[in-house]
Amino acid sequence: MDRLSSMSTFVRAVDLGSFAAAAEESGLSPTMVGKHVRYLETRLGVRLLSRTTRRQSLTEFGRTYYDRCRAILEEVAAAEALATDHLNMPSGTLRVTMPALLGRVCVAPLLLELARRHPTLRLDMSMDDRIVDTAAEGYDLSVRTGGAEARQGLKTSPLGNHRMVVCASPHYLDRAGTPQTLMDLPEHEVVMYARRGWAHAWLFLDRDGRTVEVSLPSRVRLNDLSAVMDAAVAGAGLAWIPVWLAKPHLDSGTLVEVLRHQPSFLFDNHAVWPEARHLPLRVKLAIDMLAAELPARLNPA
């Protein structure tokens, strides 16, 4: 077997926690992943992983070997990137993780355009609302909403912010009236975005720029922002959603923004990527494109 391929497969199996996960990502069978690891163990004459029917864990030597393998693979990738970057041709697979709905609506179209411009570039996009460990899970780049992922070994760059809007259907407002101040909100039906790990309060800014939290009772709770918007369009009540999501309905009149005089809360967005001695051209181009074009998509005119 090719030693570098086996080292790469071993690292992915450790990062992802199982042979099955590494196999799914790489397109190999779990059996072949196991053969790569056993090849290394036979060559080295020492066990790298302790395996049971339920879990696998690194041996003491396996941990040291894993760290060295990661360093070697990073150097190999950097050396190969130098050649393609010299030709000004981004190549290889750009692995990007992003929030599901933001990714589908705002980020993915830009990256697809990047891939169209550069036929030698491959894309692997993951849309997931969980907080992903960018480096450990092998991503070149993460797009995140909220606070930047401040950790040693990671670099971050701002990608603009987006404002939140309170909106409802004309039918609902005709029936229930239009709120004029934050004090009016508890008198209304609201459609709440609610999922594990998410604070359910609606956020606003006061005149001094300080955050104001408004906690509201709700009969309708959904863990999908697109479903929240659909419920608001159907007349279920007020919804607090990103302007980039609401924009088509605001333009068509199926949703109406209320409390327009109230300063909107702004969510920051960031690019996050593993610090490296040489940043591959494909990653640099993606960061530059997102920094230049994403802010306008986040706050459409």
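Since this is a predicted model, take the numbers as computed values, not measurements.

**Remarks on the pattern of salt bridges**
Line of reasoning, step 1. Per the counting criterion, the structure on display carries 20 salt bridges.
Line of reasoning, step 2. Put simply, Arg117 and Glu293 hold a salt bridge, and the shortest N to O gap is 3.9 Å. Of this pair, Arg117 sits in helix α5 (residues 100-117) while Glu293 sits in helix α9 (residues 281-298); the two residues are 176 residues apart in sequence, bridging distant segments of the chain.
Line of reasoning, step 3. On the basis of relative accessible area, Arg117 is assigned to the partly exposed category, the value being 45%.
Line of reasoning, step 4. For the salt bridge of Arg282 with Asp140, the shortest nitrogen-to-oxygen distance reads 3.8 Å. Here the residue Arg282 occupies a position in helix α9, and Asp140 occupies one in the loop between β4 (121-127) and β5 (141-145), the gap between them amounting to 142 residues. Across the pair, exposure class does not vary: Arg282 and Asp140 are buried alike.
Line of reasoning, step 5. One network of salt bridges, with partners in common, ties together Arg12, Asp15, Glu25, Arg70, Glu74, Arg95 and Asp124.

**Details of unusual backbone geometry**
Line of reasoning, step 1. For Leu259, which is not a glycine, the phi torsion comes out positive at approximately 55 degrees.
Line of reasoning, step 2. Along the polypeptide, Leu259 turns up in the loop between β12 (256-258) and β13 (266-274).

**So, the packing of helix α1 (residues 3-16) against helix α3 (residues 30-44)**
In helix packing, the relevant descriptors are the interaxial angle and the interaxial distance, both defined with respect to the helix axes.
Line of reasoning, step 1. The N-to-C vectors of α1 and α3 enclose an angle of 115 degrees; their axes lie 9 Å apart at closest approach. By the angle between their axes, α1 is roughly perpendicular relative to α3. Judged by the twist between their axes, the crossing of α1 over α3 is left-handed. The residues of α3 that touch α1, namely those facing Arg3, Ser5, Ser6, Met7, Thr9, Phe10 and Ala13, are Val33, His36, Val37, Tyr39, Leu40 and Arg43.

**As for the pairing of strand β8 (residues 202-205)**
Line of reasoning, step 1. Alternating residues of β8 divide into Trp202 and Phe204 and Leu203 and Leu205, and every residue in both groups is buried.
Line of reasoning, step 2. Of the strand pairs in this sheet, β8 and strand β9 (residues 211-214) are connected by four bridges, and their pairing is antiparallel. Of the residues in β9, the one forming a bridge with Leu203 is Glu213.
Line of reasoning, step 3. Count of turn residues in the β8/β9 antiparallel hairpin: five residues, of which Gly209 carries a positive phi of about 85 degrees.

**Observations concerning the nonpolar core**
Line of reasoning, step 1. Ranked by internal contacts, the top residues of the largest apolar core, which has 39 residues, are Val107, Leu141, Ile241 and Leu290.
Line of reasoning, step 2. For Ile241, the contacting residues outside a window of four places in its chain are Arg163, Met164, Val165, Cys167, Leu225, Val228, Met229, Ala246 and Leu255.

Conventions adopted
Residues numbered from 1 in each chain as written. Predicted model: local features only at pLDDT ≥ 70, side-chain atom pairs only at ≥ 80, totals over all residues. Heavy atoms only, no water. Salt bridge = Lys/Arg side-chain N within 4 Å of Asp/Glu carboxyl O. Helix = DSSP H or I, 4+ residues; strand = E, 2+ residues; numbered from the N terminus. Buried < 20%, exposed > 50% of the residue type's maximum accessible area, 1.4 Å probe, protein only. Axes fitted to C-alpha atoms, helices over the stretch in contact; angles between N-to-C directions. Parallel < 35°, antiparallel > 145°, perpendicular 65-115°, else oblique. Left-handed = near helix turned anticlockwise from the far one by under 90°. Contact = heavy atoms within 4.5 Å. Pairing = 2+ DSSP bridges. Core = buried A, V, L, I, M, F, W, Y, C linked by side-chain atoms within 4.5 Å.

Purely geometric stuff here, so don't read any function into it on its own.
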